[in-house]
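Listed here are the chains, written in short residue letters.
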Amino acid sequence: MEKAVNEGVHHEVRDAGRHGARTGTDGTADGTDGVWSGSWVAERLGVELVGGDRLTGLLGLALRRNPKRAHLLVSNVLGKHVPQSPSVVYGHGVELGRRVRELLGPDEARRAVVLGYAETATGLGHSVADGLGLAPYLHSTRRPVAGLAPAGGFEESHSHATSHLLLPEDPALLAGDGPLVLVDDEFSTGNTVLNTVRDLHQRYPRRRYVVVALVDMRSAADAGRLEEFAREIGARVDLVAAASGTVRLPEGVLEKGRELVARYEAESAGSESAGAGRTSAAAPSWPVAPRGGAAYRHGPAPLEGVAGMPLSGARGTARTTPTGPRPDDYRIDLRWPAGLPDGGRHGFTPSHRERLEAALPGMAARIAQALPANARRVHILGFEELMYAPLRLACELERIADAEVRYSTTTRSPVLAVDDPGYAIRTRLVFPAHDDPADGPGERYAYNVAGAGFDAVVAVVDSVADTPRLHAPDGLLAQLAAHTPQVLLAVVPSYAPEPSPAPERPSMLPEPLRGPAFSSYAPEEVGWLLQDLSDVTLEAPTEEREEAIQSGGAHYAESLPVEYQPSEQYQELFHTALEESAARIAQATGVVTETVLTERSPRPVLVSLARAGTPVGILMRRWAQHRHGLDLPHYAVSIVRGRGIDANALRWLARHHDPRDVVFVDGWTGKGAITRELAQALEEFEKSDGITGFNPEIAVLADPGSCVRTYGTREDFLIPSACLNSTVSGLISRTVLRADLVGPHDFHGAKFYRELAGTDVSVTFLDAVSARFPEITEAACAQAKELLAADRSPTWEGWAAVERISEEYGIHDVNLVKPGVGETTRVMLRRVPWKVLARAGAGSDLDHVRLLAEQRGVPVEEVDGLPYTCVGLIHPRYTRGATGADGKAVTL
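Residues numbered from 1 in each chain as written. Predicted model: local features only at pLDDT ≥ 70, side-chain atom pairs only at ≥ 80, totals over all residues. Heavy atoms only, no water.

Per the secondary structure count, the protein includes 20 helices and 35 strands. Residues classed as buried in the protein amount to 60% of the 892 residues present. Considering only intrachain contacts with a sequence separation of at least 6, the fraction spanning at least 24 residues in the protein is 77%. Accessible area of the protein: about 32,800 Å², with a carbon and sulfur share of 49%. (Helix = DSSP H or I, 4+ residues; strand = E, 2+ residues; numbered from the N terminus. Buried < 20%, exposed > 50% of the residue type's maximum accessible area, 1.4 Å probe, protein only. Contact = heavy atoms within 4.5 Å. Areas by Shrake-Rupley, 256 points an atom, 1.4 Å probe, with all protein chains shown as cover.)

Once that is clear, we can look at the pairing of strand β24 (residues 605-609). Where burial is concerned, most of β24 is hidden: five out of the five residues are buried. Residues Val-605, Val-607 and Leu-609 point to one face of β24 and Leu-606 and Ser-608 to the other, with burial holding for every one of them. With four bridges joining them, β24 and strand β25 (residues 634-637) adopt parallel strand pairing. Bridge pairing in β25 places Leu-606 opposite His-634. Between the parallel pair β24 and β25, the chain is carried across by helix α13 (residues 613-628), and the sense of this crossover is right-handed. (Pairing = 2+ DSSP bridges. Right-handed = clockwise from strand over helix to strand, strands pointing away.)

So, about unusual backbone geometry. In this structure, Glu-119 follows Ala-118 across a cis peptide bond, with omega equal to -5°. Within the secondary structure layout, Glu-119 lies in the loop between β4 (113-116) and α4 (122-132). For the bond from Ala-610 to Arg-611, the omega torsion is 5°, close enough to zero to count as cis. Within the fold, Arg-611 resides in the loop between β24 and α13. Phi is positive for Asn-448, close to 60°, though the residue is something other than glycine. By relative accessible area, Asn-448 is classed as buried at 1%. We note that Leu-731 has phi near 65°; this positive angle belongs to a residue other than glycine. Secondary-structure assignment places Leu-731 in the loop between β30 (710-713) and β31 (749-750).

What follows is the structure in structure tokens.
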């Protein structure tokens, strides 16, 4: 991980308060009253905030009813629990965004996407995106939308409400490879960020992340965990925060905190029973000052100059009947622009931002016109995740109104209220949820609003939350009316993506699987357009599979062979073959990649045919980096003989890339069956989906069958990746297509054999070959130049040879004839072999085939004039009698 960035925020804002103490340039109180709003908790629990005056200016402390964490860091500049000047709240977010822009530089900043956390950081994330410039914005949500499939999700381990959903209207919002900027109010342990990145990196891998927070409060151990995680996923992670420090917690603080909360809540309940309503402030002691007079200073500007108002009973107790007008009379028609999202729940783009900026002056003017003429202190109260729209309205109102404007929002978070100047949460309004939440009814809260001396409160909610419960006698509006002369309501239309009219296939396909969660390859090397079937038992004995396949009872792609576990002798053969052929494979890689870059596309999208094509696709990607500095996208897809290529994978590719840039990659050709399969499948796909541009020509490392135009060589030599199965292919099985596992809208499946990690040589193979790139670069480029000028038209001589062999040996089925070293090896490892035909004089390229043949009792016949180095023949008698009890071949 890159060195964290933790400089303080330096920007100028105007005086945050009209009454009371001065404020510094960061909007926090200058501390002249000598009372820190965390001292009450610190004294009773021994909690320490280590980080200097700046940190204590930004944060106070409170206690919460949460079994996972006793204390709550209360931000004075977030605009959630503590009413604050909206320009201060917005200014902190914008300044952080500007710092991110400086960190990334203009090019990467233009490609960045900002992701904020619900509920506390939705407005902060929006503000960071504004400061960054042109970045689109998305925030997580705890409000599901019917018919909209999540693009991801994660858990916030310490929160009282943990599950986050990502519901972008445009799935491509998260699919780019630019930097992802993650914004939260505090960075305490790093668990939330780790959970987020872990989920998103598997779906949408990228090379850079920036974590943004108002305060970084991690311990040294937690900082080390993030650094280790960044190295694990191979990505750069930067951290930008307004201030940093740590929280020191004494032993037993959780238990002590619970006891303290229980005791004070009992006192609060007693206080409530003496009065009416649901406002609570335990141990009342906050003095009430005359309107406009000096008040008890206890921290940042929002509660300075608190003006009193007549309340019945003890301070913090609500009157039973609201005194304001009927609800229908105090609605403000904002005239919110049609179709403009109310926030980033489904994505907020730069064009949305432009529309909002144009509309803000008019909407703020309508709020100002609705305020009482004598209003001197006005509060804009947002609603849970709806933080940004109320914040921007408050900022604009602050600019035009002759009144002190404050801003905060309601919240789900239950926090103890203690009316003490050294405690961050002085009062608490409690009211029922009014937006029909997915987790059912429950209490909601507004903090530090009661008793703050506001002449008017403007509640801003979205239309989903404008329900009878909002207007009920115990609802939010009634609770507010008990503490302020005037309550106004502004409703922002809830934005939800328009549902698609019953599509035949889903509007959003899953993102590619990537290592290390799926495969042992690095995440940037390949994205697998497959579904993970690792938990499904698919393996069957070879003889049973062969009988089912040849009898027509099952397709070969409906099950998997038992993974071959190579002997020590066989593994030695692999390493010997790799050492001898690495340079030859490296040169073939260079030739085929140079051909692709010259003829097909200057920036091709490599799509390998899983799984034999995948190591070759990675090698081609590495060559493009080595020779040209290109970072080519690479995906692996499934193609099944007789069933075609995965159509859903093609749809995903067409949605994310220009089909004309797609280059299909395989390891080698045999008789050309897959080449023909791909051409036919693409023709059918074009007819069914109307998507054009995919080129059916495959690029291969070796083309001994003379089936394609784009190849590295036409020699039939040993490619070591053909010697093994999953242990040289990222620990991925061959692909599976079975109706009960793969639905019409699913990718084909495969398994990740994690248990074979001890024998995995996938990366060893890649590294051995790519290490030879420098020494063969000149030769490869010269050979590619010669080939580009030559006639490379396929002759299909391999297919003719297979047909001839099929008849000569009485097999009468070309599918049972597997030409070439690679295909012969597959026969020995996966099928029931009958015999091997070897070209007379074939040398070490067949050492591993001869060893496998000896182990399985398969005869090897030398044949003159064979166009391939060898040909494997599958046993043409499909009964299990085709092999003896020892698994060895029985002759016909």
